[in-house]
Amino acid sequence: IGFSMEMEALWFGESEKAFFKFEDLEKNRKIPKPLYPKDYYSLIKDSSFKPEPKQNGEIRLLSCDIAGMAGKENDASVYTIFRLIPTTRGYDRYISYMESLEGGHTVSQAIRIRQLYDDFDCDYIVLDTQNVGLGIFDQLILPLYDKERGVEYEPLNCINDEKMAERCVYPEAKKVIYSIKASPQLNSECAVFLRDGFKRGKIKLLVTEMEGKEFLKNLKGYDSLPDEQKIKFELPYLQTSFLINEMINLEGEITENNLVKLKEPRSKRKDRYSSITYGNYIARQLEMKLNKKKKEIDPTKLFLFKSPTLM
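Residues numbered from 1 in each chain as written. Predicted model: local features only at pLDDT ≥ 70, side-chain atom pairs only at ≥ 80, totals over all residues. Heavy atoms only, no water.

### Some remarks on the pattern of salt bridges
As enumerated under the stated definition, the model contains 19 salt bridges in all. In this structure, K199 and D24 form a salt bridge, with 3.0 Å as the shortest nitrogen-oxygen distance. Residue K199 is located in helix α6 (residues 184-199), and its partner D24 is located in helix α2 (residues 22-26); the two are separated by 175 residues in the primary sequence. The partner of R83 in a salt bridge is E58, and the shortest N-O contact between them spans 2.7 Å. Highlighted residues: R83 in strand β3 (residues 77-87) and E58 in the loop between β1 (29-31) and β2 (59-65), separated in sequence by 25 residues. (Salt bridge = Lys/Arg side-chain N within 4 Å of Asp/Glu carboxyl O. Helix = DSSP H or I, 4+ residues; strand = E, 2+ residues; numbered from the N terminus.)

### Topic: the packing of helix α7 (residues 209-217) against helix α8 (residues 227-248)
Where α7 meets α8, the axes come as close as 9 Å, and the angle between the chain directions of the two elements is 165°. On the basis of the axis angle, α7 is roughly antiparallel to α8. For the pair α7 and α8, the sense of crossing is right-handed. When α7 is examined against α8, the residues E209, G212, K213, F215 and L216 are found in contact with a partner set consisting of F233, E234, Y237, L238 and S241. When grouped by side-chain class, the residues that make up the contact of α7 with α8 number 5 nonpolar, 2 polar and 3 charged. (Axes fitted to C-alpha atoms, helices over the stretch in contact; angles between N-to-C directions. Parallel < 35°, antiparallel > 145°, perpendicular 65-115°, else oblique. Left-handed = near helix turned anticlockwise from the far one by under 90°. Contact = heavy atoms within 4.5 Å. Nonpolar A, V, L, I, M, F, W, Y, C, P; charged D, E, K, R; others polar.)

### Considerations on the sheet that holds strand β5 (residues 124-128)
Within the open sheet, the 8 strands sit side by side as β1-β10-β4-β3-β2-β5-β9-β8. Their pairing is mixed. The open sheet has two edge strands, β1 and β8 (156-158), and neither has a second partner. Shown here is a sheet whose adjacent strand axes are inclined to one another by a mean of 35°, direction ignored. (Pairing = 2+ DSSP bridges.)

### Focus on the confidence of the model for the protein
Overall, the prediction assigns the protein a mean pLDDT of 89, with 87% of residues at 70 or greater. Of the regions scoring below 50 in pLDDT, residues 303-311 engages in 0 contacts with residues more than four places distant in sequence or in other chains. (pLDDT = per-residue confidence, 0-100.)

### Points about the nonpolar core
Taken as a class, soluble globular proteins show a tendency for nonpolar side chains to be buried jointly. Grouped together as the largest cluster of nonpolar side chains are 81 residues, with contacts concentrated most on L61, I113 and L127. Here this core gets 7 residues from one element, more than from any other, and that element is helix α9 (residues 271-296). Contacts of L61, omitting those with residues within four sequence positions, involve T80, I81, F82, L84, C122, Y124, V126, G279, I282, A283 and L286. (Core = buried A, V, L, I, M, F, W, Y, C linked by side-chain atoms within 4.5 Å. Buried < 20%, exposed > 50% of the residue type's maximum accessible area, 1.4 Å probe, protein only.)

What follows is the structure, given as structure tokens:
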């Protein structure tokens, strides 16, 4: 982005019809450090650099947008980690890690999803199960052997769609996969919920890559890493900038059915957007369940102690 602005005289900003505004996204870049996959933490010998434990009541989502083939004209698969931190009004969403993969075989993508699911101690997987994503789902509901780590993963199953759950032949499989089947109605709701989340400050993003580099440079041992490893640590910050660039290039229009339809410019992608918008949609569903439970609590049962006897 910086090179394009300085050397190619290309303006970095939203179009006139942009559905998401740059200032709404940029003001929410407040997360100083990402979560990283577990193997990253052994590369830097700094006692302060260690995995972030879950907070009380925290839920973690792995939200996936799936691509089948690598190539300039094809979408990429994007895996995003959400931290849902409980507040008095529901959940704040912290988008703490993102990585992209230029397509790949269904088995290799399913194994990467399982690796990330375990590394980040996730509670749920959000998966677009249309088209190529269905092949990934069919791998996740089977035992998977990870040659790289020497681990066999147990099958998982769908939690929100009975027909999808019936595809799994392992009755004991944990139901943790939220199946997303996109439709004009769903895509419209996702877009509106996501924009509203940013406007209200409920969704937090990683700080800029310059701020990220400052954080990393303060870690003991970081400067001595090879450049290839340094880039791995910087990538989540860069992915956030790429995400913002994708979103401000999405143009919104209202269809005849009063639905929001987003359109990306030709040769542009929206795979990062798809990954976070589906994750945010499920976060909202979980938030509604949380708020419903709070309302169902009988306030008269909150005080179970006896009044002291007057002497």
